[in-house]
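Residue-level structural notes
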Amino acid sequence: MARKLLPILMVLPVIIGWFRIYGEQSNLYNSELGVLIVVITYVICFLLLVWFTAKSANRFDYNNKKRLKLATEEWQTTFDSISDAISIQDKDYRLLRVNKSYEKFIGLTNEELIGKKCFEITHKTKCPIIGCPHAKTIETGENANVEIYEPHLGIYIEESTSPVINIKGEVIGSIHIIKDITIRKKVEIELNKSNRTLKARDRSSHQLIHSKDELEYINDVCKIVIEDCGYSMMWVGYAQNDEEKTVKPIASYGFEDGYIENLKITWSDTEYGRGP
């Protein structure tokens, strides 16, 4: 509006100046009155220009605030709609902003979370965990992630971070995402267990061909199971037809530290017959 009035306000003093000269030449008023009219006209034009400019600026400021508020609300809605638990943290691990999924994941409200240190909330520790992705991102300015089992939550989680960089190019924090990967990890563990079991079975079958006798084969199988299946120790015993119905160990492999020698197992229905 002010821009539209500017040409008129620039031309109007010229017109008023012409009327002043015309009025003085026509003896309608004297020179002092003519000057006064021109001054008053200039003042009025200036005040009108200031008023319309201020009005236009106020309208512009109002529209900007309205657009900014709308953009902020849209951003928050999008932020809260993401199913993964997301937080924004500063360099000192303090939570600056969290989404609804993070509140639900941790079980605390936004007011209870903001300002707290992430490792205190997520891991219940007094310092960052080993391999903390946030620490790596702050140090390197690059993305980082880690997969861990979180005991106090009873689930496997994947934590990933991306740097927050200011206009000076400095890393001032990170965007931290937590995903529950328990189902995937359990599938991976079971698949790995099955693969190791199949490998041990194949090696045992192959060893059956090359073993000289039964005892050698059983010892070799114990070794294969330890190497392929990840156990610490394995032993095999034969049930004896004696009075105590004892079980005699005949083969073993792995760390046992006197376990076999001190073993008292029977296959009878007694205290020692129910397993070691």
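Residues numbered from 1 in each chain as written. Predicted model: local features only at pLDDT ≥ 70, side-chain atom pairs only at ≥ 80, totals over all residues. Heavy atoms only, no water.

1. Observations regarding the environment of glutamate 120
As for its placement among the helices and strands, glutamate 120 is situated in helix α5 (residues 118–122). When the C-alpha positions of glutamate 120 and tyrosine 93 are compared, they lie 9.5 Å apart, and in sequence the two are 27 residues distant. (Helix = DSSP H or I, 4+ residues; strand = E, 2+ residues; numbered from the N terminus.)

2. Focus on the nonpolar core
In this structure, Leu95, Tyr102, Leu113 and Ile121 are the most contacted members of the largest nonpolar core, which totals 16 residues. The set of elements that each furnish at least two residues to this core consists of β2 (95–98), α3 (100–106), α5, β3 (144–150) and β4 (155–165). The element that contributes the greatest number of residues to this core is α5, accounting for three residues. Dropping the residues within four chain positions of it, leucine 113 is found in contact with Leu95, Val98, Tyr102, Glu103, Ile106, Leu108 and Ile121. With five residues, the next largest nonpolar core counts Ala200, Val221, Ile224 and Cys229 among its residues. (Core = buried A, V, L, I, M, F, W, Y, C linked by side-chain atoms within 4.5 Å. Buried < 20%, exposed > 50% of the residue type's maximum accessible area, 1.4 Å probe, protein only. Contact = heavy atoms within 4.5 Å.)

3. A closer look at the pattern of salt bridges
Enumeration over the complete set of coordinates arrives at seven salt bridges. Linking aspartate 92 and arginine 94 is a salt bridge whose minimum nitrogen-to-oxygen distance equals 3.6 Å. Measuring nitrogen to oxygen at the nearest pair gives 3.3 Å for the salt bridge that ties arginine 203 to glutamate 227. With arginine 203 in helix α7 (residues 182–210) and glutamate 227 in helix α8 (residues 214–229), this residue pair connects regions lying 24 residues apart in the sequence. Judged by its relative accessible area of 32%, arginine 203 falls in the partly exposed class. Through salt bridges with shared partners, one network takes in Glu147, Arg184, Lys185 and Glu188. (Salt bridge = Lys/Arg side-chain N within 4 Å of Asp/Glu carboxyl O.)

4. Observations regarding α7
Compared with an ideal rise of 1.5 Å per residue, which puts 29 residues at 42 Å, α7 spans 42 Å between its outermost C-alpha atoms and is within 8% of the ideal. By the burial criterion, the buried members of α7 are Thr182, Lys185, Ala200 and Ser204. (Expected span 1.5 Å × (residues − 1).)

5. Topic: the packing of α7 against α8
Think of two packed helices as two axes; the pair is described by the angle between the axes and how far apart they sit. As a packed pair, α7 and α8 sit with axes 9 Å apart at the nearest point and diverge in direction by 155°. Judged by the angle between their axes, α7 and α8 are roughly antiparallel. The way α7 lies across α8 gives a crossing that is right-handed. Here α7 contributes Arg196, Thr197, Lys199, Ala200, Arg203, Ser204, Gln207 and Leu208 to the contact with α8, which in turn contributes Tyr217, Asp220, Val221, Ile224, Glu227, Asp228 and Cys229. Considered class by class, the residues forming the contact of α7 with α8 number six nonpolar, three polar and six charged. (Axes fitted to C-alpha atoms, helices over the stretch in contact; angles between N-to-C directions. Parallel < 35°, antiparallel > 145°, perpendicular 65-115°, else oblique. Left-handed = near helix turned anticlockwise from the far one by under 90°. Nonpolar A, V, L, I, M, F, W, Y, C, P; charged D, E, K, R; others polar.)

6. Things to note about the pairing of strand β1 (residues 85–90)
Burial runs high along β1: six of the six residues are buried. Side chains Ala85, Ser87 and Gln89 project from β1 onto one buried face, and the interleaved Ile86, Ile88 and Asp90 project onto a second face that is buried too. Alignment of β1 against strand β5 (residues 171–180), held across six bridges, turns out to be antiparallel. What sits directly across from alanine 85, in β5, is isoleucine 178. Note that β1 and β2 share three bridges and pair antiparallel. Across the sheet, residue glutamine 89 finds its bridge partner in β2, namely leucine 95. Between β1 and the antiparallel strand that follows it, β2, lie four residues; tyrosine 93 among them carries a positive phi value of about 75°. (Pairing = 2+ DSSP bridges.)

7. So, the sheet that holds β5
Strand order in this open sheet of five strands is β2-β1-β5-β4-β3, and the pairing throughout is antiparallel. The open sheet has two edge strands with one neighbour each: β2 and β3. When the angles between neighbouring strand axes are averaged without regard to direction, this sheet yields 25°. Pairing geometry for β4 and β5, over nine bridges, is antiparallel. Paired with serine 162 across the two strands is isoleucine 175, which belongs to β5. Strands β3, β4 and β5 of the sheet are contacted by α7, whose axis makes an angle of about 125° with β4.

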